[in-house]
Amino acid sequence: MPVWLRYLLLCCLLVVSELGQPVRAQIPDSISVGIVADNEPYSGYGRNGPEGFSVDVLNKISELTGIRFEYRVGSWTDIYSAFLRKELDAIDEVSWREDRVNSMLFTRPYHIRQTVILHDANRPLPEIRQLSDLKGYRIGVLRDVYYLESLRNAGLELIEYSLQPEMIHALSFGWVDAIVGSEVTLSYFVRQLGQLSLELLGTAP
């Protein structure tokens, strides 16, 4: 698996014609958008509601176009599942993947994330050059994340979590040996939760 560069995009569902060709639906006055609650500093839920870099982008789009966004906040698993059930018009921060393009319309990426491996310096792992080097270790990963199948296909022992802070706690308590996720978001939660022994091991191979 190559180094993962995660494209975080705002995407909308396509209306598919009987011929299988995508047809853009007319944009309504308001659009329901799924927001991940634990994806700081990109998105989260604060005292005044949804907040973060991605929410700022969406609010600016709303200001420029006059389209009103109705935010629904939840875990990635909840938001993504609701989107697939067509309970949401759009979803924020979804990664481009070839098997998704037949059912989703993606914007150009507005930022790119690096997927990394974190370990505990008190229980260090050796250098990881390929995914098979992670065999024999318990690996924490976000449920329904876009690279989950690649990790499964590598035969790794995976423990799935719904929320990213849960992965941080699991690693600090020794319930897993390493976690895989976004460098910026995991680093943010490490600082917020004061788990400073958790360190970057390297990019996900």
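Refer to the structure presented above.
Note that the coordinates shown come from a computational prediction; the quantities given were computed from them, not determined experimentally.

(A) Representation of the side chain of D38 in the model. Summarising the element assignment, D38 is placed in strand β5 (residues 38–39). Among buried Asp, Glu, Lys and Arg side chains, D38 stands out as unpaired, with R113 the closest opposite charge at 8.8 Å. In this structure the side chain of D38 is engaged in a polar contact, spanning 2.5 Å, whose partner is the backbone nitrogen of Q164. If we skip the residues at most four places from it in the chain, D38 touches S43, S162, L163, Q164, P165, T185 and F189.

(B) Region of the structure containing the sheet that holds strand β7 (residues 49–51). Spatial strand order, β5-β6-β7: 3 strands in an open sheet with antiparallel pairing. Where the open sheet ends on each side, the last strands, each with one partner, are β5 and β7. Across 2 bridges, the pairing between β5 and strand β6 (residues 43–46) is antiparallel. For D38, the partnering residue across the bridge sits in β6 and is G44.

Parameters and conventions
- Residues numbered from 1 in each chain as written.
- Predicted model: local features only at pLDDT ≥ 70, side-chain atom pairs only at ≥ 80, totals over all residues.
- Heavy atoms only, no water.
- Helix = DSSP H or I, 4+ residues; strand = E, 2+ residues; numbered from the N terminus.
- Buried < 20%, exposed > 50% of the residue type's maximum accessible area, 1.4 Å probe, protein only.
- Lys, Arg positive; Asp, Glu negative; His and termini not counted.
- Salt bridge = Lys/Arg side-chain N within 4 Å of Asp/Glu carboxyl O.
- Polar contact = N/O pair within 3.5 Å; in protein donor to acceptor, adjacent residues only side chain to side chain.
- Contact = heavy atoms within 4.5 Å.
- Pairing = 2+ DSSP bridges.

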